[in-house]
Amino acid sequence: MSTATTSTASGSIQSRIASFPADQVDEFRRQYPDYDEEESEFPLWIEGVDTTYAPFIPTSTRRVLVALDMVRLSSADKVLDVGSGDGRFCFAAVSFFGAQKALGIEYEQDLVEKSTELARDLVDQGRILFQKADLTNWRDSPTMQSKEWTVIVVFLSPEGGTDMEEWLVQEFERGVRIVALVFDLKHLKSLHCSLEDAEEGIWVYEKQQQ
């Protein structure tokens, strides 16, 4: 399968993001602060937690919005965030793009609790849910194998991406759009990268139209 890529239409993406109310963006940034590389070590490895699969590195407000725009997220989508951290992708998917539903799965219980609290209103409405899960043995769970997801967000190290290749390819083949952050999935030859912004560290994998 071809792995050729197409550059992002940065102009149209930026104009769409600029259309979001400034006060909504500012509140999102206050609720989910941007990562400060000067104040923290990179990446944010969590003491006592195996982060081989998905290290916790908070994504900036800009990157969250750009990534969700690149994947053309809409009210028709249901989003699964694998390694959801503090839940910012799930929150933005629902609050900015109107996604029907978002589920974040995360290994660290403290982050699950923090995510739930930060998105309390949307959690109470049943629009967002966060679950604790060990990705090394959770891929065969009913949630991961559910056919309801239309977009999957992953922040996986190369080791994690390779180990989860079978599941990622399975989802890709059934038409799910996959967003990879920081670590691309180009080593998974069965996937087709349709859009990329290497500078931002965003890759969109989507099955080519026949």
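Each chain has its residues counted from 1, following the order in which its sequence is written. A pLDDT threshold of at least 70 governs which residues receive local features in this predicted model, and a stricter bar of 80 or more applies before side-chain atom pairs are shown or counted, although totals over entire chains, interfaces and linings include all residues. Only hydrogens and water are removed before side-chain values are computed, so all heavy atoms of the structure are retained for them.

**A short note on the sheet that holds strand β2 (residues 101-106)**
Here comes step 1: The sheet built from seven strands is open, its strands ordered β3-β2-β1-β4-β5-β7-β6 with mixed pairing. Across the chains shown, the open sheet's two edge strands, defined by having one partner strand only, are β3 (128-132) and β6 (193-197). If you compare each strand with its neighbour and ignore which way they point, the axes differ by 15° on average.
Here comes step 2: Strands are labelled as partners when DSSP assigns at least two bridges between them. Starting at the N terminus, helices and strands are each numbered in turn, a helix being any DSSP run of H or I of at least four residues and a strand any DSSP run of E of at least two. Across four bridges, the pairing between strand β4 (residues 151-154) and strand β5 (residues 177-181) is parallel. Counterpart to V151 in the pairing with β5 is R177.
Here comes step 3: Residue contacts are defined here by distance: any two heavy atoms, one from each residue, within 4.5 Å place the two residues in contact. To get an axis, fit a line to the C-alpha atoms, keeping to the stretch in contact for a helix; angles then go from 0 to 180 degrees between the N-to-C directions. Where helix α5 (residues 109-118) meets the sheet, it contacts β2 and β3, and its direction lies at approximately 170° from that of β3.
Here comes step 4: Across the face of the sheet, helix α9 (residues 165-173) comes into contact with β1 (78-82), β4, β5 and β7 (202-205) while running at roughly 150° to β4.

**Examining the environment of T136**
Here comes step 1: Turning to its location among the elements, T136 is positioned in helix α7 (residues 135-138).
Here comes step 2: Burial classification: accessible surface area is computed with a 1.4 Å probe over protein chains only, and a residue below 20% of its type maximum counts as buried, one above 50% as exposed, and the rest as partly exposed. For T136, a relative accessible area of 38% puts it in the partly exposed group.

**Observations regarding the pattern of salt bridges**
If charged atoms from side chains of opposite charge come close, those side chains can pair.
Here comes step 1: Criterion for a salt bridge: a side-chain nitrogen of Lys or Arg within 4 Å of a carboxyl oxygen of Asp or Glu. Here the structure, examined in full by the defined rule, presents 14 salt bridges.
Here comes step 2: One salt bridge connects D86 with R88, and the closest N-O pair in it is separated by 2.7 Å.
Here comes step 3: What makes D86 buried here is its relative accessible area of 5%.
Here comes step 4: Assessed through its relative accessible area of 4%, R88 is described here as buried.
Here comes step 5: Where R120 meets E117, a salt bridge forms, and the shortest distance between an N and an O atom there is 3.4 Å.

**Some details on the packing of helix α2 (residues 22-31) against helix α4 (residues 88-95)**
To describe two helices that pack against each other, one gives the angle between their axes and the distance between the axes.
Here comes step 1: Two numbers describe how α2 lies on α4: the axes approach to 11 Å, and their chain directions differ by 160°. The orientation of α2 with respect to α4, classified from their angle, is roughly antiparallel. In the crossing of α2 with α4, the sense of the turn from one axis to the other is right-handed. Taken together, the residues of α4 that come into contact with α2 (itself represented by Q24, F28 and Q31) are R88, F91, A92 and S95.
Here comes step 2: Throughout, the ten residues Ala, Val, Leu, Ile, Met, Phe, Trp, Tyr, Cys and Pro are labelled nonpolar, Asp, Glu, Lys and Arg are labelled charged, and all others, Gly among them, are labelled polar. For the contact of α2 with α4, the class distribution of residues is three nonpolar, three polar and one charged. Any angle between 65 and 115 degrees counts as roughly perpendicular, while under 35 counts as roughly parallel, over 145 as roughly antiparallel, and the rest as oblique. Should the near helix be turned anticlockwise from the far one by less than a right angle, the crossing is termed left-handed; should it be turned clockwise, right-handed.

**Regarding the pairing of β5**
Here comes step 1: Of all five residues making up β5, five are buried, and the element is well covered by its neighbours.
Here comes step 2: Burial along β5 is two-sided: the face carrying R177, V179 and L181 and the face carrying I178 and A180 are both buried.
Here comes step 3: Two strands pair when backbone bridges link them, and β5 and β7 are joined in this way by four bridges, in the antiparallel orientation. The residue of β7 that forms the bridge with V179 is V204.

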